[in-house]
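An overview of the molecular structure
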Amino acid sequence: MTMYRANGTQINKTTAATLVTAVPVPDPLVRVTEHLWEGVRAEGTTFPPARLRLKYRKDQVIPRSLLLEACFPAPTVSAVSPATGPAAGNTLTTVKGTNFTVGSTVTFGGTAATSVTVVNETTITCRTPAKAAGASDVAVTNDSATATKTGAFTYTA
């Protein structure tokens, strides 16, 4: 193949390379290397889901965001109850929100909670760590991101 400029001048590979500029790709295409399945569960069934359906087939080309952001959304924290407990810790607490996954972690003022149980996608139970009296942020981290509810739990003296 021979390339020409609009004025009819023939160009070589080196010249052609100077006529293009790199364009940043915010959402590059990726090729799926094996079948990926999505969990499907009927309302009222237990978590995690038991039935699977094919989400992306092997060798399918998709924008990376469809896999990373759409399939693994960031959590949110909407409520913590009870909202107070002793500075000694060990208060059984329920955290409500969205996108909780098995393996999600919870911190109170940066200190890890204990006995963390992901009940389902919207509920986590855990025990508070010991902290000094005062308000503490509650943060939930899943494999995508961390969500924080500022001052959601108050330690009492």
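Below is a short write-up of the structure.

Parameters at a glance
Residues numbered from 1 in each chain as written. Predicted model: local features only at pLDDT ≥ 70, side-chain atom pairs only at ≥ 80, totals over all residues. Heavy atoms only, no water. Helix = DSSP H or I, 4+ residues; strand = E, 2+ residues; numbered from the N terminus. Rg over C-alpha atoms; globule rule 2.2 N^0.38 Å. Buried < 20%, exposed > 50% of the residue type's maximum accessible area, 1.4 Å probe, protein only. Contact = heavy atoms within 4.5 Å. Areas by Shrake-Rupley, 256 points an atom, 1.4 Å probe, with all protein chains shown as cover. Lys, Arg positive; Asp, Glu negative; His and termini not counted. Charge placed at Lys NZ, Arg CZ, Asp CG, Glu CD. Pairing = 2+ DSSP bridges. Phe/Tyr/Trp six-rings, centres within 6.5 Å; stacked < 30°, edge-to-face > 60°.

1. Structural notes on the overall build of the protein
Looking only at helices and strands, the protein has two helices and 15 strands in total. Here the C-alpha radius of gyration of the protein, 25 Å, is well above what a compact globule of 157 residues would show, namely 15 Å. Its C-alpha atoms give the protein principal-axis dimensions of about 85 × 40 × 20 Å. Residue burial in the protein is summarised as follows: out of 157 residues, 22% are buried. Put simply, of all contacts in the protein between residues at least 6 apart along the chain, 50% involve residues at least 24 apart. Carbon and sulfur atoms provide 56% of the accessible area of the protein, an area that totals close to 10100 Å². Looking at the protein, you have 14 positive and 9 negative side-chain charges, and the mean spots of the two groups are 3 Å apart.

2. Some points on the sheet that holds strand 8 (residues 84–86)
The strand order across the open sheet built from five strands is 8-15-14-10-11, with neighbouring strands paired in mixed fashion. If you trace the sheet from one side to the other, it starts and ends with strand 8 and strand 11 (111–112), each paired once. Sheet analysis places strand 8 next to strand 15 (residues 146–156), joined by three bridges and oriented parallel. Along strand 15, the bridge assignment pairs proline 86 with threonine 156.

3. As for unusual backbone geometry
With an omega dihedral of -5°, the bond running from serine 81 to proline 82 counts as a cis peptide bond. Following the sequence through the fold, proline 82 ends up in the loop between strand 7 (76–81) and strand 8. Notably, aspartate 59 is not glycine yet its phi reads approximately 75°, a positive angle. Position of aspartate 59 among the secondary structure elements: in the loop between strand 5 (51–56) and strand 6 (61–63). For aspartate 59, a relative accessible area of 44% puts it in the partly exposed group.

4. What to know about the packing of aromatic side chains
For the structure shown, the criterion picks out two aromatic pairs. Ring centres 5.4 Å apart and planes at 85° place the aromatic pair phenylalanine 108 and phenylalanine 153 in the edge-to-face group. Of this pair, phenylalanine 108 sits in strand 10 (residues 105–108) while phenylalanine 153 sits in strand 15, and the two are 45 residues apart along the sequence. Arranged with centres 4.9 Å apart and planes meeting at 75°, the rings of phenylalanine 153 and tyrosine 155 form a pair that is edge-to-face. Classification of phenylalanine 153 as buried rests on a relative accessible area of 0%. Here the aromatic cluster, defined as three or more aromatic residues joined through ring pairs, consists of Phe108, Phe153 and Tyr155.

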